[in-house]
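Understanding the architecture of this molecule
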Amino acid sequence: MCLLIGPSGVGKTLLLKTLQTGNYSGSKSFTDSLEDVPSTIPTTGTNLVNITVHKKQEVTVREVGGSMGPIWPNYYKNANAIMYMLDLSNRCQVSAACIQLLTMLIHPCNAATPILVLLNKKDLSSVTTSTEIKWLLHLEELKEQATHKITILEVSAKTGLGLDQVARWIHDNHRKSVQS
Ligand SMILES: Nc1nc2c(ncn2[C@@H]2O[C@H](COP(=O)(O)OP(=O)(O)OP(=O)(O)O)[C@@H](O)[C@H]2O)c(=O)[nH]1
Ligand SMILES: [Mg+2]
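These notes cover the structure that comes with them. Each chain carries its own residue numbering, running from 1 in the written order of its sequence. Here the convention is simple: chains get letters from A, ligands get numbers from 1, in the order in which they are written. Only residues with pLDDT of at least 70 are given local features in this predicted model, and only at 80 or more are side-chain atom pairs given and counted; all residues enter the totals for whole chains, interfaces and linings.

**Thoughts on the overall build of the protein**
- Helices and strands together make up the secondary structure of the protein, namely six helices and six strands.
- Put simply, DSSP H or I for four residues or longer makes a helix, DSSP E for two residues or longer makes a strand, and each gets a number counted from the N terminus. Counted from the first residue to the last, the protein has its helices and strands arranged as β-α-α-β-β-β-α-β-α-α-β-α.
- Computed over the C-alpha atoms, the radius of gyration of the protein is 15 Å, within 12% of the 16 Å expected from 2.2 N^0.38 for a compact globule of 180 residues.
- Once the C-alpha set of the protein is aligned to its principal axes, its extents read approximately 45 × 40 × 30 Å.
- To sort residues by burial, count the other C-beta atoms lying within 10 Å of each one's C-beta; a count of 20 or more means buried, 12 or fewer means exposed, and anything in between means partly exposed. C-beta atoms are built from the backbone. Of all 180 residues assigned to the protein, the portion counted as buried reaches 33%.
- Whether two residues are in contact depends on their C-beta atoms, placed from the backbone: they are in contact if these lie within 7 Å. The long-range fraction of contacts in the protein, counting pairs at least 24 apart against all pairs at least 6 apart in sequence, stands at 78%. We compute the radius of gyration over the C-alpha atoms and compare it with the globule rule, which gives 2.2 Å times the number of residues raised to the power 0.38.

Here it is, written out as structure tokens:
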């Protein structure tokens, strides 16, 4: 089981919907069809989605809504891989997101869990904001010094930018769990 968490409205549901389409090359033709961006509503509880990743492997991803932050830890035990998503265009969310991310990293269940930090809405953010947010979160230091295997990707769930790398990360890091 792969777990997807992060604050409300960062784009978790849209990421899963876009990954499900399998059409996320980030190519101009995909970007041109932006009027077809699937609509989403805030996730109450959890959202279980099967996606097909590299070499047609099917993987179950569980999104837990941002409003369910206090119960995210209930899902850590069965998570073989965790994706934590942030919104690059929302600077007001950075401090709360930083605390959430660190709290998740130090949870004992996650000590050996590979982590993917997804900096989403790259299509809305300037290079300056994305550099600033990475600096505020000390992401590069975290990546170098944490005991976890941490990967950081800048993506857009809307345009498909970087989603091929997300699919590859899921493929490489997900293991089938005994019980989901
Ligand atoms: N421009 C842009 N908008 C995005 C992107 N990803 C998501 N959105 C929009 O952000 C809004 C919230 O997206 P959701 O996927 O519902 O957010 P969520 O993280 O699942 O939120 P919760 O379920 O409440 O935790 C929607 O209007 C999406 O269309 C992106 O990469 N770029
Ligand atoms: Mg959602």
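**Remarks on the site of ligand 1**
- By convention here, the C-beta atom is placed from the backbone, and a residue is near a molecule or strand when that atom is within 6 Å of it. Near ligand 1 you find 22 residues, and of these Gly11, Thr40, Pro42, Thr43 and Gly66 are the closest.
- Tallying contributions element by element places helix H1 (residues 12-21) first for the shell around ligand 1, with three residues.
- In this count, Pro and Cys sit with the nonpolar residues alongside Ala, Val, Leu, Ile, Met, Phe, Trp and Tyr, while Asp, Glu, Lys and Arg are called charged and the others, Gly among them, polar. In terms of residue class, the shell around ligand 1 is built from six nonpolar, twelve polar and four charged.

**Some remarks on the nonpolar core**
- Formed by 41 residues in total, the largest nonpolar core has its most connected members in Cys2, Leu3, Ile82, Met83, Tyr84, Met85 and Leu118.
- Not counting chain neighbours up to four residues away, the residues in contact with methionine 83 comprise Cys2, Leu3, Leu4, Leu116 and Leu118. As used throughout, a nonpolar core is a set of buried Ala, Val, Leu, Ile, Met, Phe, Trp, Tyr and Cys residues joined through C-beta atoms within 7 Å of each other.

**Thoughts on the sheet that holds strand E6 (residues 150-154)**
- Between any two strands, at least two bridges found by DSSP are needed for them to pair. Across the sheet, which stays open at both edges, the six strands sit in the order E2-E3-E1-E4-E5-E6 with mixed pairing between neighbours. If you trace the sheet from one side to the other, it starts and ends with strand E2 (46-53) and E6, each paired once. Going from strand to strand, the sheet's axes swing by 25° on average, the running direction of each strand aside.
- Here strand E5 (residues 115-120) runs beside E6; their pairing, made up of five bridges, is parallel. Note on method: axes are straight lines fitted to C-alpha atoms, helices fitted across the in-contact stretch only, with angles between N-to-C directions ranging 0 to 180 degrees.

**Quick look at the pairing of strand E1 (residues 2-5)**
- Residue alternation in E1 divides its side chains into two sets, Cys2 and Leu4 and Leu3 and Ile5, and both sets are buried.
- In the sheet, E1 pairs with strand E3 (residues 57-64) via three bridges, with the strands oriented parallel. If you follow leucine 4 over to E3, its bridge partner there is glutamate 63.
- Here E1 pairs with strand E4 (residues 81-87) via four bridges, running parallel. Residue pairing across strands places leucine 4 opposite methionine 83, the latter belonging to E4.

**Observations concerning H1**
- Within the span of H1, buried status applies to Lys12, Thr13, Leu15, Leu16, Thr18 and Leu19.
- Just downstream of H1, glycine 22 is the residue with a positive phi angle, here 75°.

**Section: the environment of alanine 167**
- Its place among the elements puts alanine 167 in helix H6 (residues 163-173).
- For alanine 167, a count of 19 C-beta atoms within 10 Å gives the class partly exposed.

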